[in-house]
Amino acid sequence: MAKKINPNRVPVPEQKPEVRIRNVDEVVLGYDFDMAFEEANRCLQLPKPGCIKGCPVEVDIPGFIRAIQERDLPRSAKILWDKNSLPAVCGRVCPQERQCEGTCILGKKAPSVAIGKLERFVADWAREHPSESGVFDIKLPKPSGKRVAVVGSGPAGLTAAADLAKYGHKVTVFEALHEAGGVLMYGIPEFRLPKKIVKAEIDYVRSLGVEITVNSVIGRLTSVDELLKDGYSAVFLGIGAGAPMFLHISGENLNGIYSANEYLVRINLMKSYLFPEYDTPIKIGRKVAVVGGGDVAMDASRWSLRLGADEVHIIYRRSWEEMPSRLEERNHAKEEGIIFDFLTVPKQFFGDEHGWVKGIECYKTELGEPDERGRRRPVRIPGSEFTMEVDTVVSALGTVPNPLLPRSTEGLETTKWGTIAADEKTGKTSKDRVWAGGDITSGAATVISAMGAGKRAAADIDAWLRSSG
Ligand code: FAD
Ligand code: SF4
């Protein structure tokens, strides 16, 4: 007899909106065992599942869920960590609706299995029960004697480093900032991804023998060529795309207008939300406007509320459907009272006599023909200009690669977008013994796509190291 499936997802406990906007604690509280067990039992365990192909690191999703169904959490954790070195991060921040859950076959007739929430549950359980889970008791292969340098400690670099260490190579990660983790540390807020979780997952990578050297900007003090001469057989570049994009409109240099990068780095990395305990302040007015529609815009707007703004607007040139941010964050932002000004584009900023922003002139758009990515283009409506008063603006338009390292590395080809040109399947660049992956090759994308690129490059580097003797 066919198994009866609960047509509804087990709801995940969350902090209530009116409570969470007054603290920085995690919004989503996660499943307990009974909830995870019930949700896992919604998985059909089909012989040809759709979910695995939706995951760029190819987690054996039916396998780890079956282990939950069989109440075998150590086996479930082992299956997860086999393919994914950062499962507690991915369970929290992957855009699951476009990845694994988007290809879940149950999703054709009912809400898909909550794969991300189950992954988070197992990863958190394993971290809280290290000896019982057994996943941190790692048996590494005989050392190959080869050294690999990884530049950048975001999800791409950490994944490449972990996999290379598991292949038996000695890995050193060079990170420009004073903390490892890339966007996981400096971009994604505490209330979505607690830093103790990121640190624990980085500790796992370190436990594989990976050395992480912070405050090391490659391309400035040391070059890629020097690393290659210095005994590293190969170099992987996972340096992200962290330079901000600007609107290039009048008034953009006024005080009180931040790039999202500066805003989020000050808050997340320099801990300005704990000022004066930490000595980096941030000035946020009563009325904040955030320009953009991605995860960065959601994060900046939700931080603004938590830091005391009374009214926060998101100004976005398309509509809800076209927004690239994770659906869960968008829904959370809406529940928290963020005001969405759709089909709206800033035209110029106005300042007061002291040079502080005090208003934005915007115009309205309507959606026209689809662009090359299939999203309908915003078309300006003549005569639709209007003005809104603001005290603070955060520009979250997207990011581009920082040109420092590509420019200082001879023989490394870049594309017209400033990304490093690399083979999509292997990460191999135009320069001998150099691989690259993550946002620096794709442009700003997602944690899991960066991890997938790190994984593919690590496999190719390993194959090359073995064949080159
Ligand atoms: P990064 O994470 O950018 O890491 C690159 C690292 O390289 C950085 O630590 C940097 O300091 C270092 N570096 C750069 N240059 C050098 C150098 N010359 N020498 C040494 N080190 C260097 N994606 C999701 O999937 N889900 C989300 O919810 C999500 N939210 C986001 C929220 C924000 C605010 C931002 C900014 C991005 C978000 N993203 C999200 C996107 C995701 O974080 C990125 O796609 C991902 O981090 C890219 O990984 P990466 O390893 O390529 O680069
Ligand atoms: Fe889904 Fe991300 Fe987990 Fe893969 S790593 S199964 S895409 S949540």
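Preceding this section is the structure that the text describes.
Residues numbered from 1 in each chain as written. Chains lettered and ligands numbered in written order. Predicted model: local features only at pLDDT ≥ 70, side-chain atom pairs only at ≥ 80, totals over all residues. Heavy atoms only, no water.

(A) Broad picture of the overall build of the chain. When its secondary structure is counted, the chain shows 17 helices and 16 strands. The C-alpha atoms of the chain give a radius of gyration of 23 Å, which matches the 23 Å a tight globule of 469 residues would have. Taken over the C-alpha atoms alone, the chain extends approximately 70 × 65 × 50 Å along its principal axes. Sorting the 469 residues of the chain into buried and exposed places 54% on the buried side. Long-range contacts, defined as pairs at least 24 residues apart, comprise 69% of the intrachain contacts of the chain with a sequence gap of at least 6. Working note: accessible area of the chain is about 21200 Å², and carbon and sulfur atoms make up 52% of it. (Helix = DSSP H or I, 4+ residues; strand = E, 2+ residues; numbered from the N terminus. Rg over C-alpha atoms; globule rule 2.2 N^0.38 Å. Buried < 20%, exposed > 50% of the residue type's maximum accessible area, 1.4 Å probe, protein only. Contact = heavy atoms within 4.5 Å. Areas by Shrake-Rupley, 256 points an atom, 1.4 Å probe, with all protein chains shown as cover.)

(B) Summary view of helix H4 (residues 73-83). Residues of H4 that are buried: Leu-73, Ser-76, Ala-77, Ile-79, Leu-80 and Trp-81. Among the structural elements, helix H2 (33-40), helix H3 (61-69), helix H5 (87-93), helix H6 (115-128), helix H8 (155-166) and helix H10 (195-207) are those in contact with the buried residues of H4. With a side-chain oxygen positioned 3.2 Å from the backbone nitrogen of Arg-75, the residue opening H4 is Asp-72. (Polar contact = N/O pair within 3.5 Å; in protein donor to acceptor, adjacent residues only side chain to side chain.)

(C) Inspection of the pairing of strand S2 (residues 170-174) at higher detail. The element S2 is extensively covered by neighbouring structure, given that four of its five residues are classed as buried. Sheet topology note: the strand S1 (residues 147-151)/S2 ladder contains five bridges and is parallel. Bridging across to S2, Val-150 finds its partner in Val-173. Note on the crossover from S1 through H8 to S2: the handedness is right-handed. (Pairing = 2+ DSSP bridges. Right-handed = clockwise from strand over helix to strand, strands pointing away.)

(D) Summary view of the environment of Gly-168. Relative to the elements of secondary structure, Gly-168 occurs in the loop between H8 and S2. What makes Gly-168 buried here is its relative accessible area of 9%. Sequence spacing of Gly-168 and Ile-440 is 272 residues, and the spatial spacing of their C-alpha atoms is 26 Å. Excluding its chain neighbours within four sequence positions, the residues that come into contact with Gly-168 are Pro-141, Lys-142, Pro-143 and Ser-144.

(E) Quick peek at the site of ligand 1. The environment of ligand 1 is made up of 35 residues, and the closest members are Val-93, Glu-175, Arg-192, Ile-218 and Asp-439. Take Glu-175: an N or O atom from its side chain is 2.7 Å from an oxygen atom of ligand 1. Within the contact set of ligand 1, a nitrogen atom lies 3.1 Å away from a backbone nitrogen or oxygen of Ala-176. Considering ligand 1 on its own, with 1000 Å² of exposed area, one finds that the protein chains cover 92% of that surface. Counting only elements with at least two residues in the shell around ligand 1, the list comes to H8, helix H13 (295-306) and helix H17 (447-467). The class makeup of the residues in the shell around ligand 1 is 19 nonpolar, 10 polar and six charged. The residues that make up the shell around ligand 1 include at least three from each of domain 2 (147-242 + 401-467) and domain 3 (246-399). (Near = heavy atom within 4 Å. Nonpolar A, V, L, I, M, F, W, Y, C, P; charged D, E, K, R; others polar. Domains from an automatic or database assignment.)

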